[in-house]
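# Overview (structure and organization)
Below are the chains, spelled out letter by letter.
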Amino acid sequence: MPDERTAGGGDRVVGGAAPESVDVNTPSVARMYDHYLGGKDNYEVDRLAVAELDKVVPSTRPLALNNRSFLRRVVDVLAREYGVRQFLDHGSGLPTQDNVHQVAQRVDPEARVVYVDNDPIVLAHGRALLEENTNTAVLQADMRDTDGIFGHPEVERLIDPAQPVAALFVSAMHCIPDDSERGGPAEVLGRVLERVPSGSFVVVNQLVSPHREIRDSVTSFMDESTGGQWGRVREAHEVARYFDGLDVLEPGLGWINDWRRDSDLIHKEPTDEWYEFGGVARKP
């Protein structure tokens, strides 16, 4: 559940001045996700929010772990089987084990990755992690700012517009409101697809629930907890529409735990009140 904050002209210079101060009084989706994954880059306010969210949807921790496994499988498949060598990770969240660049660069050390996230702590930790990796960069930017992202010097340096790129929106779209002034999830995805060449890939999954009371209660809780920096939990058919006009890769759209599962070692999600729905598709 990577963070989606309003950019507001935040620091976007990779390797430049220190990022803006981290707000430790308001929970961050990126830091909550970090706590779910067992990370240490979070604050008491994030841990308290996680404890409250677990009361509503107790399956969230294994869901987060399974989401991370999906990300690793997707990147490995795209790099190994489809020859993708450049990745643009929207709403990347905090660095953890087996990040996108680590998975992709095991296939090809020359693979290039740009991470995009609005949380200033992501920028700070990302810079430290990638200080000596010239094929990878971290931008602090709103993932809805397509023009700003694609026009950034680091994206222009690392992403060849003539070659296929994998645009990742992994557990990110639920952070974008439908009525955002920069457009909802479908509009954001559409703008990215206009920027990438034929043969590129998009990876999209987000939290969905068939239960209206869960959708409403979680959306309300997260919106209030994060100070309005949240979209909504959707239904699966709404997410499926993001893929209209694209060539969806097998095994199709669905529960991400079933996407190219490489083992039976998934984390048991004790309840089914919500889950991550999505898949991978190629631009014709």
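Our structure is the block above this text.
### Section: the pairing of strand β8 (residues 275-282)
β8 sits mainly inside the fold: six of its eight residues count as buried. The pairing of strand β5 (residues 201-208) with β8 spans eight bridges and is classified as antiparallel. Residue pairing for β8: Gln206 is matched across the bridge by Phe277. Across two bridges, strand β6 (residues 247-248) lies against β8 in antiparallel orientation. Within β8, the residue paired with Asp247 across the bridge is Arg282. Both strand β7 (residues 254-255) and β8 contribute to a ladder of two bridges, which runs antiparallel. Looking across to β8, one finds that Trp255 is bridged to Phe277.

### Details of unusual backbone geometry
Note that the residue after Glu250, namely Pro251, is joined by a cis bond; omega there is 10°. Here Pro251 lies in the loop between β6 and β7. Positive phi, close to 55°, is recorded for Ser171, a residue that is not glycine. Relative to the assigned elements, Ser171 resides in the loop between β4 (166-170) and α8 (185-195). What makes Ser171 buried here is its relative accessible area of 1%. The phi angle at Arg260 is positive, at roughly 45°, despite the residue not being glycine. Relative to the helices and strands, Arg260 is located in the loop between β7 and β8. By relative accessible area, which is 26% here, Arg260 ends up partly exposed.

Thresholds applied
Residues numbered from 1 in each chain as written. Predicted model: local features only at pLDDT ≥ 70, side-chain atom pairs only at ≥ 80, totals over all residues. Heavy atoms only, no water. Buried < 20%, exposed > 50% of the residue type's maximum accessible area, 1.4 Å probe, protein only. Helix = DSSP H or I, 4+ residues; strand = E, 2+ residues; numbered from the N terminus. Pairing = 2+ DSSP bridges.

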